[in-house]
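Read off the chains here:
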Amino acid sequence: MMRAYFALACILGAFAFESAGAQTYPSQPVRIVVPFAAGGAVDSVARIVGQKMSESFGQPVVIENKPGAGGNLAAETVARAAPDGYTILLTTNGHAISPSLYRMLPFDVMKDFIPVTQLIESPLLLIASNKLSVDSLKDLVALAKQKPGSLNYGSTGVGNPLHLSMEMLKNATNMNIAAVPYRGDAPLNTALIAGEVDIAIVPVATGRANVENKLVKGLAVTTAQRSKAMPDLPTIAEQGVSGFDTGSWQGFFVPANTPRDIVQRIYQETKKALSAPDVRERLKAFVAEPVANEPEVFAQKFKDDVAKYAKIVKDSNIPMQN
């Protein structure tokens, strides 16, 4: 009987400790680690949301940029941090790609992190050079099958979400199209405008202006729903590729074993920040839709994405990276 009382006391004590920790959190600055350099889209979102969270927390929210190793350097930093809510990873769906792309990782994406919430989702855009005689996805598929191996697409990195989205489309439509590497969105878009490359999947944020100015052709958006920024452009699924749905997202993760109450507090403060009118207005510049889903919902989405990208990498015979 005494053992039972002792066990119950331990459990109640643990809950009391966790609750007390959440009530005092945060009592010092909070660090958001970003796997990209300052000035980019991910860094900008971190600073917009972090500033609003700082106002609510009553503590500074510091953005720490740790670019390198395809985002894995920042992820490792957070995986090894104390599980106390003071170190948060803001990363992209590249985090879900890493396990199937890299031979060795210094962390386990499923075991070493707790998904807190998805901040935003951004559609991707399938565009074509004006020199290519296609005006729709149907036209593109027909031309690719008529001239197998003669078309190409621009790629900004092996295994990134843009590359895998294109490979996903190739697999779904049985198109034989070769990849042409570029160092970033800017040189890729320049090549598309010049007709040096036939097609590409790019962020709507960087491709929309070129479509609207008729420098390239917009063929489709990759998400299940049309983009609010380009409502007249049909989805890939609408054009006959049933169930096609992929895009770009950003989300918060914390180290494994972070107390549940602190995870919930970070989620609630993020949700509050993303609902602020000034934050939503600033996010429009990135063609980003606020999400702020619950930790359990985001965890399931992340798990599903890990499996989805693993299948794309395998089906596309993409070699493992060092």
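Bear in mind that the values here come from a model prediction, so they are computed numbers and not experimental data.

A.B. asks: How should I be thinking about the environment of Asp 135 in this particular structure?
C.D. replies: Among the secondary structure elements, Asp 135 is positioned in the loop between strand S5 (124-129) and helix H5 (137-146). In this structure the C-alpha to C-alpha distance between Asp 135 and Lys 217, which are 82 residues apart in sequence, comes to 7.1 Å. Not counting chain neighbours up to four residues away, the residues in contact with Asp 135 comprise Lys 217 and Leu 219.

A.B. asks: Can you walk me through helix H8 (residues 204-212) in this structure?
C.D. replies: Structural remark: α-helix, 3.6 residues per turn; residues separated by three or four positions point the same way. Of all the residues in H8, the buried ones are Val 204, Gly 207, Asn 210 and Val 211. For H8, the buried positions fall inside an angular range of 135° around the axis, keeping them on one side. Summarising the contacts, the buried residues of H8 are in contact with S5, helix H7 (185-194), strand S8 (199-203) and strand S9 (216-221). A positive backbone phi angle near 60° is found at Lys 214, which sits one or two residues after H8.

A.B. asks: Sorry, what's going on with the pattern of salt bridges here?
C.D. replies: Opposite charge on two side chains allows them to pair when their charged atoms are near. In this structure the tally under the stated criterion is 16 salt bridges. The closest approach of N and O atoms between Glu 55 and Lys 52, which form a salt bridge, is 3.7 Å. Of this pair, Glu 55 and Lys 52 both sit in helix H2 (residues 41-57), 3 residues apart, which is roughly one turn of the helix. Since its relative accessible area comes to 53%, Glu 55 is described here as exposed. Measuring nitrogen to oxygen at the nearest pair gives 3.0 Å for the salt bridge that ties Lys 52 to Asp 278. With a gap of 226 residues between them, Lys 52 in helix H2 and Asp 278 in helix H10 (residues 277-283) connect regions that are remote in the sequence.

A.B. asks: Just to check I follow, could you spell out the nonpolar core for this structure?
C.D. replies: General note: in soluble globular proteins, nonpolar side chains tend to be found buried as a group. Judged by nonpolar contacts, the single largest core of 47 residues is most densely connected at Leu 126, Leu 140 and Ile 199. Element by element, the count of residues in this core is highest for helix H11 (residues 295-315), at 6 residues. Composition of this core by domain shows at least three residues from each of domain 1 (30-121 + 248-316) and domain 2 (124-239). Those residues in contact with Leu 126, other than ones at most four positions away along the chain, are Leu 137, Leu 140, Met 166, Leu 169, Ile 199, Ala 200, Ile 201, Lys 217, Gly 218, Leu 219 and Ala 220. If you look at the next biggest cluster of nonpolar residues, it comprises 32 residues, including Ile 32, Ile 63, Ala 288 and Ala 292.

A.B. asks: What is the right way to read the packing of aromatic side chains from this model?
C.D. replies: Each aromatic ring pair is described using two quantities: the centre-to-centre distance and the angle formed by the ring planes. Evaluated as defined, the whole model comprises 9 aromatic pairs. Arranged with centres 5.4 Å apart and planes meeting at 85°, the rings of Trp 249 and Phe 298 form a pair that is edge-to-face. Taken together, the positions of Trp 249 in strand S10 (residues 248-255) and Phe 298 in helix H11 put the pair 49 residues apart, joining distant regions of the chain. A single burial state applies to Trp 249 and to Phe 298, both of which are buried. Cluster of aromatic residues (ring-pair linked, three or more members): Phe 107, Phe 113, Trp 249, Phe 253, Phe 298 and Phe 302. Sitting over the ring of Tyr 309, Lys 308 keeps its end group 4.9 Å from the ring centre.

A.B. asks: Which parts of the structure should I look at to understand the side chain of Gln 118?
C.D. replies: Within the secondary structure, Gln 118 is located in strand S4 (residues 113-122). A distance of 3.2 Å separates a polar side-chain atom of Gln 118 from the backbone oxygen of Ile 120. Those residues within four positions of Gln 118 in sequence are excluded, and the remaining contacts are Trp 249, Gln 250, Gly 251, Val 291, Ala 292, Asn 293, Phe 298 and Lys 301.

A.B. asks: Where do I start with the sheet that holds strand S1 (residues 30-34) in this structure?
C.D. replies: Sheet strands pair by backbone hydrogen bonding; their relative direction is either parallel or antiparallel. Spatially, the 6 strands line up as an open sheet ordered S2-S1-S3-S10-S4-S11, and their pairing is mixed. The sheet is open, and its two edges are formed by strand S2 (61-65) and strand S11 (289-290), each paired on a single side. Taken together, the 8 bridges between S4 and S10 define a ladder with antiparallel strand orientation. Following the sheet pairing, Ile 114 is matched in S10 by Val 254. Docked against the sheet, H2 engages S1, S2, strand S3 (87-92), S4 and S10, running at close to 160° with respect to S2. Taken strand by strand, helix H4 (residues 94-101) contacts S3, S4 and S10, and its axis lies near 80° from that of S3.

A.B. asks: Explain the domain arrangement of the protein chain to me, please; I cannot follow it from the model alone.
C.D. replies: Put simply, an interface is often sized by how much accessible area is lost when its parts join up. For the protein chain, the domain assignment lists domain 1 (30-121 + 248-316) and domain 2 (124-239). Placing a centre on the C-alpha atoms of domain 1 and another on those of domain 2 gives a separation of 27 Å. With 15 residues of domain 1 at the interface, the matching set in domain 2 holds 16 residues. Of the roughly 1100 Å² buried where domain 1 meets domain 2, counting both sides, 71% is carbon and sulfur surface.

A.B. asks: Sorry, what's going on with the packing of H4 against H11 here?
C.D. replies: Two quantities define a packed helix pair, namely the angle between the helix axes and the distance between the axes. Running from amino to carboxyl end, H4 crosses H11 at an angle of 45°, the nearest separation of the two axes being 8 Å. It follows from the interaxial angle that H4 and H11 lie oblique. As H4 runs across H11, the sense of the crossing is right-handed. Between H4 and H11, the contacting residues are His 95, Ala 96, Ile 97 and Ser 100 on the first element and Phe 302, Asp 305, Val 306, Tyr 309, Ala 310 and Val 313 on the second. Classifying every residue of the contact of H4 with H11 gives 7 nonpolar, 2 polar and 1 charged.

A.B. asks: So what exactly am I meant to see when it comes to unusual backbone geometry here?
C.D. replies: Glycine aside, residues mostly have negative phi angles, and peptide bonds mostly take the trans form. Across the junction of Tyr 25 and Pro 26, the peptide omega takes the value -5°, indicating a cis bond. Following the sequence through the fold, Pro 26 ends up in the loop between helix H1 (2-24) and S1. The phi dihedral of Val 287 falls on the positive side, at around 50°, and the residue is not glycine. In this structure Val 287 comes out as buried when scored by relative accessible area, which is 9%. Positive phi, normally seen in glycine, also occurs at Asn 317, with a value near 55°. Among the secondary structure elements, Asn 317 is positioned in the segment after H11.

Criteria and thresholds
Starting afresh in each chain, residues are numbered from 1 along the sequence in its written order. Given that the model is predicted, a residue must reach a pLDDT of at least 70 before its local features are reported, and side-chain atom pairs must reach 80 or more before they are shown or counted; all residues, however, enter totals for whole chains, interfaces and linings. Excluded from the side-chain calculation are hydrogens and water; included are all heavy atoms of the structure. Helix and strand definitions here come from DSSP, where helices need a minimum of 4 consecutive H or I residues and strands a minimum of 2 consecutive E residues; each element is numbered from the N-terminal end. We call two residues in contact when some of their heavy atoms are within 4.5 Å. Categorising residues by exposure relies on relative accessible area from a 1.4 Å probe, with only protein chains included: less than 20% of the type maximum marks a residue as buried, more than 50% marks it as exposed, and the intermediate range marks it as partly exposed. By construction, the arc corresponds to the directions joining the helix axis to the C-beta atoms. For this document, the term salt bridge refers to a Lys or Arg side-chain nitrogen within 4 Å of an Asp or Glu carboxyl oxygen. Only buried residues count toward a nonpolar core, which is a set of Ala, Val, Leu, Ile, Met, Phe, Trp, Tyr and Cys residues joined through side-chain atoms within 4.5 Å. Domain start and stop points were drawn from an automatic or database domain assignment. Any pair of Phe, Tyr and Trp rings, taking the six-membered ring for Trp, is counted once the centres come within 6.5 Å. Such a pair is stacked with planes under 30 degrees apart, edge-to-face with planes over 60 apart, and tilted for the rest. Placement of a charge over a ring requires the Lys NZ or Arg CZ to be within 6 Å of the ring centre, with the centre-to-atom vector within 35 degrees of the ring normal. Throughout this description, a polar contact denotes any pair of N or O atoms lying within 3.5 Å of each other; where both atoms belong to protein, one of them has to be capable of donating a hydrogen while the other can accept it, and for residues adjacent in sequence the pair is counted only when both atoms sit in side chains. A pair of strands counts as paired when DSSP detects no fewer than two bridges linking them. To define axes, lines are fitted to C-alpha atoms, for helices over the stretch in contact only, and angles between the resulting N-to-C directions are given on a 0 to 180 degree scale. Once two parts are put together, the accessible area they lose, assessed with a 1.4 Å probe and summed over both, is termed the buried area. Roughly parallel means an angle under 35 degrees; roughly antiparallel means over 145; roughly perpendicular covers 65 to 115; every other angle is labelled oblique. When the near helix sits turned anticlockwise from the far one by under a right angle, the crossing is termed left-handed; a clockwise turn instead gives a right-handed crossing. Three classes are used: nonpolar for Ala, Val, Leu, Ile, Met, Phe, Trp, Tyr, Cys and Pro, charged for Asp, Glu, Lys and Arg, and polar for all others, with Gly counted as polar.

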